[in-house]
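Working through the structure, step by step
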Amino acid sequence: MHTLGTGVTSTLDPLGMAAPIVHAQVAWMLHPQELGERMAQLSSDLLQLHWHTLHRLLGLEHEEPIQPNADDARFTDPVWAESPSWDMVKDWYLVFTHRAQDMLYDTPGLSSAERRRAAFWWRKWLNAVAPTNFLWTNPVALRKAVETHGESLVCGWRNFIEDLQAGNVRMSDPAPFQVGKNLATTPGAVVFRNRLLEVIHYTTTQPRVHAEPVVIVTPWINKFYVLELTPKKSMVRYLLDQGLDVYITSWKNPDASMSETRFDDYLTEGLDTIVRVARELSGAQRVHAVGYCIGGTALSMYMAWANRHYGPEACPVADWTLLTTLVDFHKPGDIEVFIDEASVNYLCSQMADKGYLDGKEMAAAFRLLRSNSLIWHYVVHGWLYGEAPPAFDVLYWNMDATRMPRAMHEWYLKELYLHNRLIQPGALTVAGEPLDLSAIGQPVYAVAAVDDHIAPWEQTFKVLNHVVGDKRYVLSSSGHILGIVNPPVHPPKRKYWADTAHRSDTTAQWKSRAAEHAGSWWPDWMDWLKPRAGELVAARPVASVDFPALAPAPGSYVLES
């Protein structure tokens, strides 16, 4: 009977949106005393709100009984505070929203994971029904319609139709951007290509460079050029100007023909291949590897694999840098709401039908994690205010989604997110080698971001509890992208904390020692990396007889849709 119920629930609610909320409702009904206490608190809130509303309607000043959360930008327009009627609409919405969320986070009789799921899905519904999202309950939209004599509504309807045709709520206007023209313009060449990746070798900008090259392993969820946006934002160009020799992965955007491509293939034909190409083309015995997001997770697995496959003394990577990288998936952030047996099985069945996971589905899931800022903000500004989507390079890159091969992504979801096997010594075997993170003795420089909702910094820190060797940990302000795409600027926009880390450290112990610095963490990284990258030698040609230039950077794979 239990199995039948589970099967029906999985069929009707494959992503587990309704079930946690129903479970929370049942749990509260089974705890009447706690429910009564919460209802009494709500009644007290409503009495205060009634009193506040009466004062405002009489034209009297009165202290707000409730305030939006610090990161809630929906009610920043002065009309929400200055107009008694709109102030009432805002306050009643916030009272019920905050109280409901507090109750769900504290639901008795549910596991912490079930509470988080219930709170997440209920919050998504509350965000969707916010008064700011509808014309007749959004005073700013009504004001704009009057001021523009209806033009804002005409433009909003046009934006709605264009979003409908695009199959997405657009965050950026794609028209001004073209990869290879005004994005990803650093000179270089594709010096190797196989079915999974193009290896891009960049033209050096200094007459003398460090002898050992830098190899960057990018995520295959999105395209590589997030690290190569514009000259001022380009990490690649910054590294070149620092006298480093740089190679980067540009992954193939898979289609149904690559359905059976496995993670083993990504490791051997991807990571091991770019390391080999960089070594052979540069003549260096070792490289300095960098991995971003799941590119960093893959690099972590490669490091464990290479230390066993080649041996610690012959490992071709001298040291490694991780950027917002998870290896312990016990608490992987808000994405956890999508990770349970039923949800993963549903996603796998969807991939089995097509042979891949559509990049738009992945992007939609990540946008849903921050629905107010990544969905409803653009609905309101585009559809209700009639504003054209902004021309913003990072948002354009974010919309330039890629697909995931079925076999690789199914393995990744089950073995890492669902079963968390990477931190279990010997539990995973990749390309013929059992993986053990404690076998990694090369120095590591790990970077995380304070506001990262994809790879929470407290969880990224845990890689340092599993590997040996020298460790430096850096915590940047901002989030998953802007915490990394964080070039030095004057005056400084951001800050970071940095210090040596130890295998036994907790996040609190490290944070208590870490010094705070203004600006970008990139110069700190250079102070760590450049002394390790070998002596200065004459800059090398971008290609060679053995590795001829197959195409100018940024190559052809990045242009595939």
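Quick notes on the rules
- Residues numbered from 1 in each chain as written.
- Predicted model: local features only at pLDDT ≥ 70, side-chain atom pairs only at ≥ 80, totals over all residues.
- Heavy atoms only, no water.
- Axes fitted to C-alpha atoms, helices over the stretch in contact; angles between N-to-C directions.
- Helix = DSSP H or I, 4+ residues; strand = E, 2+ residues; numbered from the N terminus.
- Parallel < 35°, antiparallel > 145°, perpendicular 65-115°, else oblique.
- Contact = heavy atoms within 4.5 Å.
- Nonpolar A, V, L, I, M, F, W, Y, C, P; charged D, E, K, R; others polar.
- Polar contact = N/O pair within 3.5 Å; in protein donor to acceptor, adjacent residues only side chain to side chain.
- pLDDT = per-residue confidence, 0-100.
- Phe/Tyr/Trp six-rings, centres within 6.5 Å; stacked < 30°, edge-to-face > 60°.
- Buried < 20%, exposed > 50% of the residue type's maximum accessible area, 1.4 Å probe, protein only.
- Salt bridge = Lys/Arg side-chain N within 4 Å of Asp/Glu carboxyl O.
- Core = buried A, V, L, I, M, F, W, Y, C linked by side-chain atoms within 4.5 Å.
- Expected span 1.5 Å × (residues − 1).
- Arc of directions from axis to C-beta.

**Description of the packing of helix 10 (residues 263-282) against helix 11 (residues 294-309)**
- For the pair helix 10 and helix 11, the least separation of the axes is 10 Å and the interaxial angle reads 80 degrees. Relative to helix 11, the element helix 10 lies roughly perpendicular. Seen from helix 10, the contacting residues are F263, L267, T268, L271, D272 and V275; seen from helix 11, they are A298, L299, M301, Y302 and W305.
- Here the contact of helix 10 with helix 11 is composed, by residue class, of 9 nonpolar, 1 polar and 1 charged.

**A closer look at the side chain of N127**
- With respect to the secondary-structure elements, N127 resides in helix 6 (residues 112-128).
- A polar atom in the side chain of N127 sits 3.1 Å from the side chain of S371.
- Polar side-chain contacts of N127 include one of 3.3 Å to the side chain of N372.
- Other than its neighbours up to four places away in sequence, N127 contacts R74, Y93, N133, S371, N372 and W376.

**A closer look at the confidence of the model for the protein chain**
- Chain-level pLDDT for the protein chain is 91 on average; 97% of the residues reach the 70-or-more range.
- Under a pLDDT of 50 for its full length, residues 1-9 has, in the predicted model, 2 contacts with residues more than four places off or in other chains.

**Description of the packing of aromatic side chains**
- The final tally for this structure, using the stated rule, is 32 aromatic pairs.
- Here the aromatic rings of Y238 and W522 are separated by 5.0 Å at their centres, their planes lie at 50 degrees, and the arrangement is tilted. Taken together, the residues span a long stretch of sequence, with Y238 in helix 9 (residues 235-241) and W522 in helix 19 (residues 522-529) at a distance of 284 residues. We note that Y238, like W522, is buried.
- Aromatic pair F461 and W510: ring centres 6.2 Å apart, planes at 50 degrees, arrangement tilted. On the criterion of sequence distance, the pair formed by F461 in the loop between helix 17 (457-460) and strand 13 (471-476) and W510 in helix 18 (residues 507-513) is long-range, its members being 49 residues apart.
- Its relative accessible area of 0% is what places W510 among the buried residues.

**Brief notes about the pattern of salt bridges**
- Under the criterion given, the structure shown has 31 salt bridges.
- The closest approach of N and O atoms between K90 and E64, which form a salt bridge, is 3.4 Å. Here E64 lies in the loop between helix 3 (32-57) and helix 4 (79-82) and K90 lies in helix 5 (residues 84-105), a separation of 26 residues in the sequence.
- Counted as one network, the salt bridges with shared partners bring together R56, E64, D87, K90 and D91.

**Focus on the nonpolar core**
- One finds Y225, W521 and W525 to be the most contacted residues of the largest nonpolar core, which totals 132 residues.
- Setting aside anything within four residues of it in sequence, one finds W521 in contact with M235, L323, Y445, V447, V474, S476, G483, I484, N486 and Y496.
- Core analysis: the second largest hydrophobic core is formed by 19 residues, I66, F75, W80 and V95 among them.

**Notes on helix 12 (residues 341-354)**
- Between its first and last C-alpha atoms helix 12 spans 20 Å; for 14 residues at 1.5 Å apiece the expected length is 20 Å, and the two agree.
- Looking only at helix 12, the buried set comprises S343, V344, C348 and M351. Projected down its long axis, helix 12 carries its buried residues within an arc of 135 degrees, all on one side. In helix 12, the exposed residues that point more than 90 degrees away from the buried face are A352 and D353.
- Just downstream of helix 12 lies G355, where phi reads positive at about 90 degrees.

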